[in-house]
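Descriptive analysis of the structure
Listed below are the residues making up each chain.
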Amino acid sequence: MKKRIVILAGLILSVGVATASPYKFTVDCDEPARMRKVGETTEFRITCEDLATTNGFGGPVEVWLDNFGTNVLVRRTVCPEKGKPIVLRGTLTEPGFLRAVAMNPGSKTTFFGLGKGNVCASVGYEPEKIVQGLPCPDDFDAYWQGERKRLAAEVPLAPTRERVTDYRKKGFACWKVSFATFGGKRVWGFLTMPEDGKGPWPLRVNVPGAGPAAVAASAGARPGEVSLTLNVHPFEPAADAKEQKKLYEAQDVTCRKRYGTTYATSGLGVSREEYFYHDIILGMDRAVDWAVALPEVDRSRVWYSGGSQGGGFGMFLMGLNKSFTRGYVWICAIADHGGYRLGRIPGWPRLVQCNEKNRAVAERFAPYFDACNFAARVKIPIRMSAGLSDCCCPPPAVWSAYNALGSADKAIVPCPNVGHSIPSDVSAEFERWLKGKCVHERNCCDEDELFAKNDVFLVE
């Protein structure tokens, strides 16, 4: 099948069509969670609900099929008829995800999404064969082990631990903690544990998703666990979410002035060591060592759970630090930075594209911060999930990280018609699995119950 190359701004640029009545769309197909064979045809049905007119339908809509990337199979502007779905049929000739999109012409798009009221859905084609777009550097392990040793030799850990006296979750103690890293920076976070003093308990490590990150009120206290929540931002957390947002926005202003881009992509066009995440990853790694050594921690149960940015950092930490015993991540970000080389949209934060002025340098160094390459070093049991309608961390990017995992005990849950999130039932299943309370240990838990509630299945 011949590929037609189109220019994508973030995700999709709308075709210039006269403003029409807005529609609400739904997209469905048969067996949305079933993985297809390459060459097998899938039929998508797009239903339009007119939100503006009462007598008949409004104006045209824009629909297309692509591969979450530059391979656009069909693209049309059509006028829907009331009661009749728009049908799109297509296939892929190589492993990936076939995506159907419906969009109100002229509507605004976001950098990582299709905009309000617009939808997409996808199905997988032999996703177990998806590979990352940029190869792992030959010196990947030597580089990161060298950086760990350099940090230990040059910068004392200098941990701080300050009790949060107004912590609102009853039955838990909370401390603000910090740890030194390169550049005079500190990694900040929160440590919580039950107050009854009946440990040792399992340790759960979490890194929040992109944004302002955690304050004390959002620290992740859980019954019967020690919890270490680590922020990616090297400034001391504020007392509340409002003040934290101000600090976060001020940091982003600084990053944009200095590097021309937001925090998550800043500095990579200069060097590996200049990249924003470099010092943070290494500081978090030693923070995990500190927490594991606490007398309240059961070292045989060290877990990770996190999503989006936190999913990518889960791969970083579980790949670097051998203290972890199992973990789960959802909608894994910071993966497949070179996906564009294979005609796919990379996962957030589009590390190379956002360093366009220094693209060659960014492309050279991006693999050192690719979740795929850290995933290859993860040997513990792990579970993942992916939203098949996620335009921020597209399923091909998530699968590239999953396929790279070095664990013999791994599984992934595809979630049809789910965007940048994890369904609550899937999260609950992962929690039961994490704590060893599953009926079917290899396959996450009671599969029949999981399928019935979420229309998903596990890909081994």
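Look up a bit, the structure's there.
What you are looking at is a predicted structure, and each value in this text was computed from that prediction instead of being measured. (Residues numbered from 1 in each chain as written. Predicted model: local features only at pLDDT ≥ 70, side-chain atom pairs only at ≥ 80, totals over all residues. Heavy atoms only, no water.)

**With respect to the sheet that holds strand E1 (residues 23–29)**
The three strands are arranged E1-E2-E5 in an open sheet whose pairing can be described as antiparallel. The open sheet has two free edges, formed respectively by E1 and strand E5 (86–90), since each of these has just one partner strand. Geometrically, the sheet is characterised by an average inter-axis angle of 20° between neighbouring strands, direction not taken into account. In this sheet, strand E2 (residues 42–50) lies alongside E1 in antiparallel orientation, the contact comprising seven bridges. When the bridges of E2 are listed, Phe 25 appears paired with Cys 48. (Pairing = 2+ DSSP bridges. Helix = DSSP H or I, 4+ residues; strand = E, 2+ residues; numbered from the N terminus. Axes fitted to C-alpha atoms, helices over the stretch in contact; angles between N-to-C directions.)

**Quick word on the sheet that holds strand E16 (residues 410–415)**
One key point about sheets: their strands pair by backbone hydrogen bonds, in either a parallel or an antiparallel sense. Strands sit in the order E8-E9-E10-E12-E11-E13-E14-E15-E16 across an open sheet of nine strands; the sheet is mixed. Strands with a single pairing partner mark the edges of an open sheet, and in this sheet they are strand E8 (160–163) and E16. Taking each pair of neighbouring strands and ignoring which way they run, the sheet shows an average axis angle of 20°. In this structure, E8 lies alongside strand E9 (residues 172–180), joined through four bridges in antiparallel fashion. What sits directly across from Arg 163, in E9, is Trp 175. Running at roughly 145° to strand E13 (residues 297–307), helix H4 (residues 309–320) makes contact with strand E11 (201–206), E13, strand E14 (326–330) and strand E15 (382–387) of the sheet. Helix H8 (residues 424–434) rests against E11, E13, E14, E15 and E16 of the sheet, and its axis sits at about 170° to E14. (Contact = heavy atoms within 4.5 Å.)

**Quick word on the side chain of Arg 272**
Inspection of the secondary structure puts Arg 272 in the loop between helix H2 (241–259) and helix H3 (276–292). When its relative accessible area of 17% is taken as the criterion, Arg 272 is described as buried. Among the polar contacts listed, one links the side chain of Arg 272 to the side chain of Tyr 368, at a separation of 3.5 Å. Sequence-distant contacts of Arg 272, that is, excluding residues within four places in its chain, are made with Asp 139, Tyr 143, His 278, Phe 365, Tyr 368 and Phe 369. (Buried < 20%, exposed > 50% of the residue type's maximum accessible area, 1.4 Å probe, protein only. Polar contact = N/O pair within 3.5 Å; in protein donor to acceptor, adjacent residues only side chain to side chain.)

**Concerning the pairing of E5**
Of the two faces of E5, only the one carrying Ile 86, Leu 88 and Gly 90 is buried; Val 87 and Arg 89 on the other face are not. As paired strands, E2 and E5 are joined by five bridges and run antiparallel to one another. Bridge pairing links Phe 44 to Leu 88 in E5.

**Some words on the packing of aromatic side chains**
Scanning all chains against the criterion turns up 21 aromatic pairs. Ring geometry for Tyr 143 and Trp 144: centres 5.4 Å apart, planes at 80°, overall edge-to-face. Residue class for Tyr 143 comes out buried when judged on its relative accessible area of 9%. (Phe/Tyr/Trp six-rings, centres within 6.5 Å; stacked < 30°, edge-to-face > 60°.)

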